[in-house]
Amino acid sequence: MTTTADMTTPDGTPATGPGLRLTVLVGESATWHHRPLYTEIVHRAHAAGLAGASVFRGIEGFGASSMIHTQRLLSLSEDLPVAVVIVDAEAAVRAFLPRIAELTGGRTVTLDACEIVRTGAPGIPEERR
């Protein structure tokens, strides 16, 4: 078990470590077997044991169709942009990619190196750091 003391440096600052951020951009109305696509991605990430996933709803954007989708009051858009963001150790994120390949065809998927700040909260298990 990791304690808060294990997650700080000798000077008391939080320990950090390398990670990988996976971002999948989808439309809010995209579905997979009658379920929101973003929900399917999050549930697959959870089932894969990844450290965390979040879904962020955009207020405006456009994609391959070049049609601008917006949340503005006078617009009737129902397909706002949604970003699914998953952060974990690089090996875990790369191992997860095949599990969502069928969901992401033709969609924008990005991978970004990041630094994970380890606080007292549960997160990436020691063996995957």
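Counting from 1, residues in each chain are numbered in the order their sequence is written. For a predicted model such as this one, the threshold for reporting local features is a pLDDT of at least 70, and the threshold for listing and counting side-chain atom pairs is 80 or more; totals across whole chains, interfaces and linings nevertheless cover every residue. Hydrogens are left out, water is left out, and the side-chain values use all remaining heavy atoms of the structure.

Turning our eyes to something else, we now look at unusual backbone geometry. Backbone geometry at His 33 places phi at a positive 50°, although glycine is not the residue there. By definition, any uninterrupted DSSP run of H or I lasting at least four residues is a helix, any uninterrupted run of E lasting at least two residues is a strand, and each is numbered from the N terminus. Relative to the helices and strands, His 33 is located in the loop between strand E2 (31-32) and strand E3 (35-36). Throughout this description, buried means an accessible area under 20% of the type-specific maximum (1.4 Å probe, protein chains only), exposed means over 50%, and partly exposed covers the range between. The exposure class of His 33 is exposed, given its relative accessible area of 64%.

Any carboxyl oxygen of Asp or Glu within 4 Å of a side-chain nitrogen of Lys or Arg constitutes a salt bridge here. Throughout the structure, instances matching the rule amount to six salt bridges. Of the charged contacts in the structure, one is a salt bridge between Glu 28 and Arg 57, with a shortest N-O distance of 2.8 Å. Within this pair, whereas Glu 28 is found in the loop between strand E1 (15-27) and E2, its partner Arg 57 is found in strand E4 (residues 53-57), the two being separated by 29 residues in sequence. Looking at Arg 57, the relative accessible area reads 51%, which means it is exposed. Across the pair Glu 90 and Arg 94 runs a salt bridge, and its minimum N-O distance is 2.8 Å. With a gap of four residues between them, Glu 90 and Arg 94 both fall in helix H2 (residues 90-104), about one helical turn apart. The class of Glu 90 is partly exposed, set by a relative accessible area of 42%. Three or more residues are tied together by salt bridges with common partners; here these are Arg 35, Glu 40, Arg 44 and Glu 102.

Sheet strands pair via backbone hydrogen bonds, and the direction of the pair is either parallel or antiparallel. Strand order in the open sheet formed by four strands is E4-E7-E1-E8, and the pairing between neighbours is antiparallel. Taken across any chain shown, the strands that pair with only one partner, and hence form the sheet edges, are E4 and strand E8 (108-118). Taking the axes of each pair of neighbouring strands and ignoring which way they run, one obtains an average angle of 25° across the sheet. A pair of strands is labelled paired if DSSP reports no fewer than 2 bridges between them. Summarising the sheet, E1 and strand E7 (residues 81-88) pair through eight bridges and their orientation is antiparallel. Bridge assignment links Leu 22 to a residue of E7, and that residue is Ile 86. Contact criterion: two residues are considered in contact whenever any of their non-hydrogen atoms come within 4.5 Å of each other. Between N-to-C directions, angles cover 0 to 180 degrees, with each direction set by a line fitted to C-alpha atoms, over the stretch in contact for helices. In the packing of H2 onto the sheet, the strands contacted are E1, E7 and E8, and the crossing angle to E1 comes to about 5°.

On to the confidence of the model for the protein chain. Taken residue by residue, the protein chain gives an average pLDDT of 84. The fraction at 70 or more is 74%. The quantity known as pLDDT measures the predictor's confidence residue by residue, on a range of 0 to 100. Under a pLDDT of 50 for its full length, residues 1-5 has, in the predicted model, five contacts with residues more than four places off or in other chains.

Our next topic: the pairing of E7. In terms of burial, E7 is largely enclosed, as six of its eight residues are buried. Taken together, the five bridges between E4 and E7 define a ladder with antiparallel strand orientation. The residue bridging Arg 57 from the neighbouring strand is Val 82, located in E7.

A word on the nonpolar core. Working definition of a nonpolar core: buried Ala, Val, Leu, Ile, Met, Phe, Trp, Tyr and Cys residues. They are joined through side-chain atoms within 4.5 Å. Counting residues in each nonpolar core, the largest one holds 17 residues, and the members touching the most others are Leu 22, Val 24, Ile 41, Ile 86, Phe 96 and Ile 100. Elements with a minimum of two residues in this core: E1, helix H1 (37-47), E7 and H2. Looking at this core element by element, the count peaks at five residues for H2. Excluding residues within four positions of it along the chain, Ile 100 makes contact with Leu 22, Val 24, Ile 41 and Arg 44.

Let us now look at the side chain of Asp 88. Residue position: Asp 88 is located in strand E7. Pairs of N or O atoms within 3.5 Å make up the polar contacts considered here, provided that, within protein, one atom can donate a hydrogen while the other can accept it, and that residues adjacent in sequence are counted only when both atoms are side-chain atoms. Reaching out from Asp 88, the side chain makes a polar contact with the backbone nitrogen of Ala 51 at a distance of 2.7 Å.

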